[in-house]
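# Chains, contacts and geometry: an overview
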Amino acid sequence: MDQKYTPGDIENKWQTFWDGSKTFRALENSEKQKYYLLEMFPYPSGRIHMGHVRNYSIGDVIGRFKRMRGYNVLHPMGWDAFGMPAENAAIQNKSHPAKWTYENIAYMRGQLKQLGLSYDWDRELATCDVAYYRWEQKIFLEMFSRGLAYKKTSFVNWCPKCETVLANEQVEDGGCWRCDSEVRQKELDQWFFRITDYAEELLEWTHKLPGWPERVLVMQRNWIGKSYGCEINFPLESVPRFVKVFTTRQDTVFGATFMSLAPEHPLVGELTTDENKAAVDSFVDEVRTTDRSKRTADDFEKKGVFTGSYCINPVSGVRMPIYLANFVLMDYGTGAVMAVPTHDQRDFEFARKYSLPLQVVIQPEGQTLNTASMTEAFTEPGIICNSGRFDGQQSEAAKETIADYLQEQGLGTKTVNFRLRDWGISRQRYWGNPIPVIYCDVCGVVPVPAEDLPVTLPVDVVFTGEGGSPLARHESFVNAACPICGIAARRETDTMDTFVQSSWYFLRYCCPDLLDGPLDRTRVDYWMSVNQYIGGIEHAVMHLLYARFFTKVLRDMGYISCDEPFINLLTQGMVIKDGAKMSKSKGNVVDPDALIRKYGADTARLFSLFAAPPEKDLDWSDQGVDGSFRFLNRVWKLIHDKLELVSRAGAVDISALNADERNLRRTVHKTIRKVTEDLEERFHFNTAIAAVMELLNTLQSTELSTQQYGAVMKEAVDSLVLLLAPFVPHISEELWQLLGHTELLSSTPWPEYDRAAVVDEEVLIIVQVNGKLRSKITLPAGMDEAALKAKALADEKVQPFLEGVQVRKVICVPGKLVNIVVG
C-alpha cells in the first residue's frame, strides 16, 4: 500500500464528499441540545488572508468538537457585502460594485471550502442580496413607526475622501476607520437610530455576560458612559432664557466663573454679538476641521473665543462671560460646561490663558489654597468653602446636599447622563441598503408602504468618483409618487450604514429561506442566542454594541425572545510576521493559497492553532509550518506501520493487561482527558495539540511483544485520530476510514477517558519539614494517610532534621505532599 501522505488528493476527496452529502447541514431537533457557533462574517474583499484562516479554523475546531460531543451544531457562513470598497473598486475598474462583489464572494467561498470548514452552506447569505436587505427595510419602517428611527440636522463626522458620514465609533484617532483620512465636522440632515433609548439596558447587561472578555465589557461600559449629576439652568443676562449644563461636580457650582460652549451649540449665533462675530465665525470654522478626539485630549491646546454675552451663576449671582471652547463637545451632556477653573484642569488652563477669574470652593484638609499661587487645579475631595450654607461639608457629601438644594429651588434637577449618542446611519454612497423613505412637499417625510418593498438599488448607475453618491443623480430612482397624496415626490438617496446589516445577520441565519418576513420566531428561538461568537476586539464598540441593540429592538417588536445575541465571545489575536501585523504595505503577507498548495489545508490549520492560544497574537514561523507538516507525516506513517497489527486485534481485556500495557493505556487516556478539558473548558488548542504530539511520540517509541499490545495499540491509534479530527479533519477522516471504520468522524462520539486507567500506580510525594523541602519519595498510589505519614517520618533524608526536636504535627495532602511541623 502506498504510504506517502498526499494532502491535496485527500483534502479534495473529503471536501467533495462533505459538500455533496451536506454533512454539516443543520436542522432544528428538539431532542438534541443545540449549539450555535459563529465567526464574524467576512467582507468579500477578494482574497482571504491568514487572519481569516486562523479565525475560521478556531471556530471549526469548536464546531467539530461539539458535534462529536452530541450537540446539534449550527455553523453558518455568509458575506458582509455592502460597503465603500466595492464602490471604490467599481470606480477604479469602471465596472459595477455588484459584479466585483459577487466575483469576490465566489472566489473566497472556494478558498473557505479548501480549508475544510464545517459550514452549513445551505444557509449562506450575502447582505447585498435583495432577499436579505428587503427585510432590513421592513425593520427600518417598524423602527420609524416606533420613533426609533428619525431624521434631524446635526453636525456629523465627514470623511472627505470617502465622501460620506461616519458614526462616532467609526472615527479612530481622528481618522476614517477605512481610509485614515482626517475626519471633519459637517452639518447635514441625517437618519439616526435611537440607541440611547436602550442605554440603561445595554449597560445593565454588561454585568450579565460572564462569557465575554472583561476588556470588551469595560470598553462598552465606558462608551455608554453613565454618570450621575445635575442639570443646572444658568440664566442669560440679556434675554429671559437660560443655558442648561450637565455636571457631575455640582459641589463646585459656587466656583463657576465663566461658561464654555461647544462651537456647534445651537445658541452660538444668538449669543454672539456683532463686534465678536468675525472672531467667533473664524473660530467655529477652525474647530470644524479639528479632529474630535484631539479636542478632548489632555495635551491638546485649550483655545476659545468670547461671544460677547454673559450668563448668571444661579447660586452665587456672579456674572459669567460665555466663551466657545474647542474642548467642549456638543454630543456629551448639553454641549455647555460651567467652568470651575480652580477644580478642573482644562478650565484652569483656559482661565489662565484668557485671564478669567478663579474662585476656590474646595480646600484640601489642613491647607488653604490661594488662587494667585495656584499652578494647577485642585481636583481631589476636600472641604467646601465660599459656598454659603454648604461651607464646612465634605465635598463628596455636598454633591448630594447641593443637588437637593438646586432641585428644591427650581434651579436644576438631579439627572443621569450617558456618553452614548444615537447611531447615525445615513451614508452618502450607492452600494448600501436604500433607506425606504419618500419626501413629499405636501405630506413631508413618508415611509414607503410595506407592500411596496423592497426599494431596490438601480443597476444602471454611472460611477465617476466625483460628486458623492450616483443615486442622487439617478432620476428614475429619485423621482417617485407620494404614497399618500400621489403627487410627484423624491426618494431618499442615502443608504444605511453597513453596520446595520451586520447587526442582525446572525438572526437571519436561523431562517434564511423565509420568504414572507424577516424572521421565523420558532426557528430563531430554537437556535438563539449564539453560544459562541468569535471575532476581533476592534469591533467592541461598533458591531458588538449595535448587534446587542438590534437584538433588544427586535425582541421588543416580537420577532425574537432572547435578550442578548451572544452568550460567549472569543476575541482572537492577530497574525504577526517580522514583528508586525501582516499587511501588503509591509510586505510580510503569507498567501493562504500558496501555503495550501505546498503543505495542504490541514497543515495550515494545525500551525495556526498550535502556534499560540486563540486570544493571543500568533507569530508566524516558516519552521513552525514545516514542523506541523512533519507531524502529520509522522501520524500518517504510524497508522500505516501499525495497520496490520491493529486490524487483527480485538477489544482490550483490562483485567489481563500487564504493567507495560497498563502504562501505555494510561498515557492514551490521560491524553484524552487533557485534550477534552482543553477544548471543553478553555479553548487551549495549542496545549491540546501538544498533548497529542506527546502521545504520538509515546506510540512511536513503544514496541511490545505482549499478548494485549495489539488491542491497546488499536485503542491508541483510534483515539489519536479522533483527538486530531477537529484540528485536521481531512487526514483524520482518511485515516479513520483506513482503520476500518465506516461512519464519518462527525457522526462518531468523542472518546471518553477511562477514569480507572488514568490513576497512577506510583506517585511522587514531596516531604517538607516546617515548610522547607527535605526529600522526595516515590510511593504506591492510593496509600492511606497513616502509612504515608509513617513513610515520610522514616525517610533517611528527613531523619537528620528530626533529631533533638519534637514533632508537633504532620500535615498530609494525599498523593502530593507531607509537611512535618517540628519545634
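In what follows, the structure referred to is the one given above.
Right, let's walk through the structure included here. What you are looking at is a predicted structure, and each value in this text was computed from that prediction instead of being measured.

## A word on the overall build of the protein
Helix and strand counts for the protein stand at 25 helices and 32 strands. With the C-alpha coordinates aligned to their principal axes, the bounding extent of the protein is approximately 105 × 90 × 50 Å. Here the protein holds 823 residues, and the buried ones make up 55% of them. Long-range contacts, defined as pairs at least 24 residues apart, comprise 72% of the intrachain contacts of the protein with a sequence gap of at least 6.

## Re the sheet that holds strand β13 (residues 336-339)
Reading across the sheet, the 4 strands line up as β11-β12-β10-β13 and stay open at both edges, with mixed pairing between neighbours. Edge positions in the open sheet fall to β11 (304-312) and β13, since each of these has one partner strand only. Strand-to-strand twist of the sheet, defined as the mean angle between neighbouring strand axes without regard to direction, takes the value 30°. Strand direction decides the pairing type here: strand β10 (residues 258-261) and β13, joined by 4 bridges, are antiparallel. Within β13, the residue paired with Phe258 across the bridge is Ala339. Sheet strands in contact with helix α9 (residues 277-288) are β11 and β12 (319-325), and its direction is about 115° off that of β11. Across the sheet, helix α11 (residues 345-354) lies against β10, β11, β12 and β13, angled at about 105° from β12, the strand it touches most.

## Overview of the packing of aromatic side chains
In the structure shown here, the tally under the stated rule is 45 aromatic pairs. Taking the centre distance of 5.0 Å and the plane angle of 65° together, the rings of Phe506 and Phe566 count as edge-to-face. Of this pair, Phe506 sits in helix α15 (residues 505-508) while Phe566 sits in strand β25 (residues 566-571), and the two are 60 residues apart along the sequence. Its relative accessible area of 0% is what places Phe506 among the buried residues. The ring of Trp205 carries Lys208 above its face, with NZ or CZ at 4.8 Å from the centroid. Between Arg673 and the ring centre of Tyr753, over which it is positioned, the NZ or CZ distance is 5.9 Å.

## Let's talk about a negative patch on the surface
A surface patch of like charges, here negative, comprises Glu172, Asp173, Asp180 and Glu538. Relative to the helices and strands, Glu538 is located in the loop between β24 (530-535) and α17 (543-556).

## A few points about the sheet that holds strand β3 (residues 149-159)
Either a parallel or an antiparallel arrangement is found when strands of a sheet pair, and the pairing is made through backbone hydrogen bonds. Sheet architecture is open: 4 strands sit in the order β4-β3-β7-β17, paired in antiparallel fashion. Looking along the sheet, the strands with just one partner apiece sit at the ends: β4 (164-166) and β17 (423-424). Sheet contacts for helix α5 (residues 130-145): β3 and β7 (184-193); angle to β7, the most-contacted strand, approximately 90°.

## Focus: the pairing of strand β9 (residues 242-247)
Sheet topology places strand β8 (residues 226-235) next to β9; 6 bridges connect them, and they run antiparallel. If you follow Pro235 over to β9, its bridge partner there is Phe242. Taken together, β8 and the strand that follows it, β9, pair antiparallel across an intervening segment of 6 residues.

## Side note on the packing of helix α19 (residues 601-610) against helix α20 (residues 622-647)
Put simply, α19 and α20 touch, their axes get as near as 9 Å, and they point 120° apart. Between α19 and α20, the angle is such that the two are oblique. Seen along the crossing, α19 lies across α20 with a hand that is right-handed. For the pair formed by α19 and α20, the contact residues are Asp602, Thr603, Leu606 and Phe607 on the first element and Gly624, Val625, Ser628, Phe629, Phe631 and Leu632 on the second. Classifying every residue of the contact of α19 with α20 by side-chain character gives 6 nonpolar, 3 polar and 1 charged.

## Quick word on the packing of α20 against helix α24 (residues 729-738)
At their nearest, the axes of α20 and α24 sit 11 Å apart, and the two run at 5° to each other. Our classification of the angle between α20 and α24 gives roughly parallel. Between α20 and α24, the residues in contact are Leu632, Val635, Trp636, Ile639, His640 and Leu643 and Ile731, Glu734, Leu735 and Leu738, respectively. Of the residues contributing to the contact of α20 with α24, the split by class is 8 nonpolar, 1 polar and 1 charged.

Conventions we followed
- Residues numbered from 1 in each chain as written.
- Predicted model: local features only at pLDDT ≥ 70, side-chain atom pairs only at ≥ 80, totals over all residues.
- Heavy atoms only, no water.
- Helix = DSSP H or I, 4+ residues; strand = E, 2+ residues; numbered from the N terminus.
- Buried < 20%, exposed > 50% of the residue type's maximum accessible area, 1.4 Å probe, protein only.
- Contact = heavy atoms within 4.5 Å.
- Pairing = 2+ DSSP bridges.
- Axes fitted to C-alpha atoms, helices over the stretch in contact; angles between N-to-C directions.
- Phe/Tyr/Trp six-rings, centres within 6.5 Å; stacked < 30°, edge-to-face > 60°.
- Lys NZ or Arg CZ within 6 Å of the ring centre and 35° of its normal.
- Patch = residues over 30% accessible without salt bridge, like charges linked within 9 Å, V, L, I, M, F, W, Y side chains within 5 Å.
- Areas by Shrake-Rupley, 256 points an atom, 1.4 Å probe, with all protein chains shown as cover.
- Salt bridge = Lys/Arg side-chain N within 4 Å of Asp/Glu carboxyl O.
- Lys, Arg positive; Asp, Glu negative; His and termini not counted.
- Charge placed at Lys NZ, Arg CZ, Asp CG, Glu CD.
- Parallel < 35°, antiparallel > 145°, perpendicular 65-115°, else oblique.
- Left-handed = near helix turned anticlockwise from the far one by under 90°.
- Nonpolar A, V, L, I, M, F, W, Y, C, P; charged D, E, K, R; others polar.

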